[in-house]
Amino acid sequence: DPQKSVYELIGGGETIRRLVDAFYRRVGEHPGLKPLFPADLTETADKQYLFLTQFFGGPPLYSQQYGHPMLRARHLPFPITPERAKEWLGCMREAMDEIGLSGPIADHMYERFIQTAHHMVNKAES
Ligand code: HEM
């Protein structure tokens, strides 16, 4: 069904939840990313769950709670180098693999992550 959103096609909120959990488990252990994030990733993961739900065509949960995402602006307090974007994407690809998200839909999702991650870069390589 070409009308179906990515969100529906991958299995909805349950799949987004598993992806987010697998992703932040990696972020929390990553030497390059960990220092940027709060020690307790619970709230960060919850926000990402709300965001990715809407990003992939599900209900606009993030905007209902936090307003316009303005993602680039919200990332400006953090020094995001091309290397960190690459590391973020690496954690995301591994998280997708871990939960068994593969094939054309996963590739499409990953393309959107690549575009968005590159858009977040706000500092040259240190
Ligand atoms: C928040 C890092 C890319 C979505 C954050 C925070 C950090 C961060 C440090 C703040 C966490 C907190 O205080 O709770 C990075 C780095 C990236 C990256 C290093 C590498 C490029 C992305 C991408 C997306 C994304 C590609 C979406 C596809 C979000 C969302 C939040 C967030 C939704 C929560 C915003 C809020 O405070 O409401 N990110 N991020 N980030 N990030 Fe990223």
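Residues numbered from 1 in each chain as written. Predicted model: local features only at pLDDT ≥ 70, side-chain atom pairs only at ≥ 80, totals over all residues.

1. Considerations on the overall build of the protein chain
Heads up, the condition is: The way it works is that DSSP assigns letters per residue, a run of H or I at least four long becomes a helix, a run of E at least two long becomes a strand, and they are numbered from the N terminus. To get the radius of gyration, use the C-alpha atoms; to get the globule rule, take the number of residues to the power 0.38 and multiply by 2.2 Å. Whether a residue is buried, exposed or partly exposed follows from its count of other C-beta atoms within 10 Å of its own C-beta, namely 20 or more, 12 or fewer, or something in between, respectively; the C-beta atoms are built from the backbone. Residues are defined as contacting one another if the C-beta atoms placed from their backbone atoms lie within 7 Å.
Helix and strand counts for the protein chain stand at seven helices and zero strands. In terms of overall dimensions, the protein chain is globule-like: its C-alpha atoms have a radius of gyration of 14 Å, near the 14 Å expected for 126 residues. By its C-alpha atoms, the protein chain is 45 × 30 × 25 Å across when sized along the principal axes. Each of the 126 residues in the protein chain was classed as buried or not, and the buried ones make up 19%. By sequence separation, contacts in the protein chain at least 24 residues apart represent 74% of the contacts at least 6 residues apart.

2. Remarks on the site of the ligand
Quick reminder of the rule: Note on definitions: a residue is near a molecule or strand provided its C-beta atom, placed from the backbone, lies within 6 Å of it. Charged residues are taken to be Asp, Glu, Lys and Arg, nonpolar residues to be Ala, Val, Leu, Ile, Met, Phe, Trp, Tyr, Cys and Pro, and polar residues to be all remaining types, Gly included.
For the ligand, the set of nearby residues contains 22 residues, the closest of which are Thr44, Phe51, Ala85, Trp88 and Ala117. If you tally residues by element for the shell around the ligand, the top one is helix α3 (residues 42-55), at five residues. In terms of residue class, the shell around the ligand is built from 14 nonpolar, four polar and four charged.

3. Let's talk about the confidence of the model for the protein chain
Stated formally: Summary of the metric used: pLDDT quantifies the predictor's per-residue confidence within the range 0 to 100.
A residue-level look at the protein chain finds 98% of positions with pLDDT of 70 or above and a mean pLDDT of 97. Scored as a whole, the predicted complex attains pTM 0.97, and scored at its interfaces, ipTM 0.98.

4. As for unusual backbone geometry
Apart from glycine, the bulk of residues carry a negative phi angle, and the bulk of peptide bonds sit in the trans form. Positive phi outside glycine occurs at Met70, with the angle close to 40 degrees. By secondary structure assignment, the location of Met70 is in the loop between α4 (61-66) and α5 (71-75). Judged by C-beta crowding, with 10 C-beta atoms within 10 Å, Met70 ranks as exposed.

5. Description of the packing of helix α2 (residues 13-27) against helix α6 (residues 82-98)
Put simply, the test is: Lines fitted to C-alpha atoms define the axes here, with helix axes fitted over just the stretch in contact, and angles between the N-to-C directions of these axes take values from 0 to 180 degrees. Note that the term roughly parallel is reserved for angles under 35 degrees, roughly antiparallel for angles over 145, roughly perpendicular for angles of 65 to 115, and oblique for everything else. Each helix crossing is assigned a hand: it is left-handed if the near helix lies turned anticlockwise from the far helix by less than a right angle, otherwise right-handed if that turn is clockwise.
The geometry of α2 relative to α6 is characterised by a closest axis approach of 8 Å and an angle of 135 degrees between their N-to-C directions. On the basis of their axis angle, the class for α2 and α6 is oblique. Of the two elements, α2 crosses α6, and the hand of that crossing is right-handed. Seen from α2, the contacting residues are Leu19, Ala22, Phe23, Arg26 and Val27; seen from α6, they are Cys91, Met92, Glu94, Ala95, Met96 and Glu98. Counted by class, the contact of α2 with α6 contains eight nonpolar, no polar and three charged residues.

6. What about the packing of α6 against helix α7 (residues 104-120)?
Where α6 meets α7, the axes come as close as 10 Å, and the angle between the chain directions of the two elements is 160 degrees. Relative to α7, the element α6 is oriented roughly antiparallel. Along this stretch, α6 crosses α7, giving a crossing that reads as right-handed. In this structure, α6 contributes Ala85, Trp88, Leu89, Met92, Arg93 and Met96 to the contact, and α7 contributes Ala106, Tyr110, Phe113, Ile114, Ala117, His118 and Met120. When the residues that make up the contact of α6 with α7 are grouped by side-chain class, the tally is 11 nonpolar, one polar and one charged.

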